[in-house]
Amino acid sequence: EIWAVAPSSRVLHPNGVVTLPAQEETICTHFSFGDVKLASDSNDSDGSRLRFIGTGPELATNLEILSKEPIQRYTDHDADVIDLSWSHTNFLLTASLDKSVRLYHHTKSECLHLFKHANLVASVDFHPSDDRYFISGGVDKKLRLWDVTSGRVKEWAQSPSVITTVRFSPDGKYACAGLFRGQVYWYSVDDGLKYYTQIACRNRSGKHRQGKKVTGISFVRAERDDWLSTSANPPMTTPDCEDSEIGHSIAKKLSHSGREVAARLSTLRGNGAKAPDALRYTERMLVSTNDSRLRLYNLNDFCLIRKYKGNSNLSMQIRARVSESGSHIACGSETGQVFIWETSDKSRRRVGNHMMDKAREKAMSHASFEASKSDLPIVTDTVFFPGKSLREALASSDVFPFALGMDRVDDDLSNAAILTLDYDGRMRVFLRKSCLDNILDSCTPRG
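Definitions and limits used
Residues numbered from 1 in each chain as written. Predicted model: local features only at pLDDT ≥ 70, side-chain atom pairs only at ≥ 80, totals over all residues. Heavy atoms only, no water. Helix = DSSP H or I, 4+ residues; strand = E, 2+ residues; numbered from the N terminus. Buried < 20%, exposed > 50% of the residue type's maximum accessible area, 1.4 Å probe, protein only. Contact = heavy atoms within 4.5 Å. Areas by Shrake-Rupley, 256 points an atom, 1.4 Å probe, with all protein chains shown as cover. Pairing = 2+ DSSP bridges. Salt bridge = Lys/Arg side-chain N within 4 Å of Asp/Glu carboxyl O.

S.K.: For this particular structure, what's the right way to read the overall build of the protein chain?
M.R.: Looking only at helices and strands, the protein chain has eight helices and 28 strands in total. In the protein chain, which comprises 447 residues, the proportion classed as buried is 53%. Considering only contacts within the protein chain whose residues lie at least 6 apart along the sequence, 58% involve residues at least 24 apart. Of the roughly 20,300 Å² that the protein chain leaves accessible, carbon and sulfur atoms contribute 48%.

S.K.: Looking at this model, I keep getting lost on the pairing of strand S27 (residues 417-422). Mind explaining?
M.R.: Side-chain direction in a regular strand flips from residue to residue, so the side chains alternate between the two faces of the sheet. The buried fraction of S27 amounts to six of the six residues, a majority that puts the element mostly inside the structure. Burial of the side chains of S27 extends over both faces: Ala417, Leu419 and Leu421 are buried on one face and Ile418, Thr420 and Asp422 on the other. Across five bridges, the pairing between strand S26 (residues 379-384) and S27 is antiparallel. Residue pairing across strands places valine 379 opposite aspartate 422, the latter belonging to S27. Bridge analysis of S27 against strand S28 (residues 427-431) gives five bridges, and the strand direction is antiparallel. Note on S28: the bridge partner recorded for threonine 420 is arginine 428. Turn length for the S27-S28 hairpin, with the two strands adjacent in sequence and antiparallel, is four residues, and the turn residue glycine 425 shows positive phi of about 90°.

S.K.: Explain unusual backbone geometry here, please?
M.R.: The general pattern is negative phi for most residues beyond glycine and trans for most peptide bonds. The phi dihedral of lysine 141 falls on the positive side, at around 70°, and the residue is not glycine. Here lysine 141 is to be found in the loop between strand S9 (133-138) and strand S10 (142-147). For lysine 141, a relative accessible area of 33% translates into the label partly exposed. Its identity as a non-glycine residue notwithstanding, serine 292 has a phi of 60°, on the positive side. Residue position: serine 292 is located in the loop between strand S17 (281-289) and strand S18 (293-298).

S.K.: Just checking my understanding: could you explain the pattern of salt bridges for this structure?
M.R.: Think of it this way: side chains of opposite charge can pair up when their charged atoms draw near. Applying the stated rule across the entire model yields 12 salt bridges. Where aspartate 83 meets arginine 319, a salt bridge forms, and the shortest distance between an N and an O atom there is 3.2 Å. You can see aspartate 83 sitting in strand S4 (residues 81-86) and its partner arginine 319 sitting in the loop between strand S19 (303-308) and strand S20 (320-322), a full 236 residues away along the chain. Since its relative accessible area comes to 0%, aspartate 83 is described here as buried. One salt bridge connects aspartate 291 with arginine 295, and the closest N-O pair in it is separated by 2.9 Å. According to the relative accessible area criterion, aspartate 291 is buried, its value standing at 3%.

S.K.: Looking at this structure, how should I read the environment of tyrosine 133?
M.R.: With respect to the helices and strands, the residue tyrosine 133 is situated in strand S9. Residue classification places tyrosine 133 among the buried positions, given a relative accessible area of 16%. When sequence neighbours within four positions are dropped, the list of residues in contact with tyrosine 133 reads Phe126, His127, Leu145, Trp146, Asp147, Val148 and Lys154.

The structure is reproduced here in structure tokens:
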């Protein structure tokens, strides 16, 4: 099913929103790149209707962050849909246990193409910038690069174990495959899915030392530790940093393979960012596994930065999600709760010229709330609403009749609202109370 985000907004939906009757159990979700639509796999008769609970009728009546009914529904698959992927042009891929991947567009009511596989398909992902290509992986241990226009496999690689999740790197140069025993394999797309490197996401000792299934891979943009330690007096202002103090200190820490990946990823977000930004920010990889751990890796050297603990994920395909700004991580749990961690280094304190790292305390500290009270309380997925969509939803609602303008709100809206899905097929929207307080203080006579 496809749902409209901020359905009352004429900016996101100039022609309005037409919805369908509700249906069925929801397993996984993905936002489109245009921040306008959300896709979910659904199977339960009346669970997907949204209800606002506990916020008061005067506040919740007209606050539509998500449409109350879907705007499109597809029933072509013969088995459960377990993964979805949006392209940057709003095409949708669905991976199913019926050994197939299907292509859709939200404006069309029928399947556009069927991609048959030899066995169950566990995961699928569109190329981040070229929607002519996507990757898929599953039980047959093959990572496939598909050409959408021809409907054929362009390249493929054999992995050593069952593939449980796949993802392109943010620049599209590498394909990542998460495996059943906790490894993440990297393949070079430009070299025909040639093996590049691997990461073992497992504990050194204990009952999970053999590794557990990788359930999700995400990428996070963060500030380099080198930048944090020298941000008070940055020593370089020119693009050529080869001989600078920062450039030299970073270069010494990069492995041979990590240096190549870092060089490609560091300028991605800015489409050729200037040298100061390229030095300040780096891409990191967040891996979810079935040992109830989230692991954050630095792509400069593929070393573990920290673990995030708290949720329970021992058997389900529950994955962590990162907010649009990269400041927070959210993940469901088999206990009916949603856990939230901070990814930024706000807990790092300066002593003299050195940054004292509190990574251990930070990894253990988290916020959580109950998101499911069903007989089988499993939160199968969580996803942050994009900041632009939430802003439009709030601005187009009647919740703030005396609003003076959302531009005055000083708040990171990309982590202010979360959509959760549970095993009984219920979708719930949670809004951070401090966000509403900030809006009232900034945009109404109360402030």
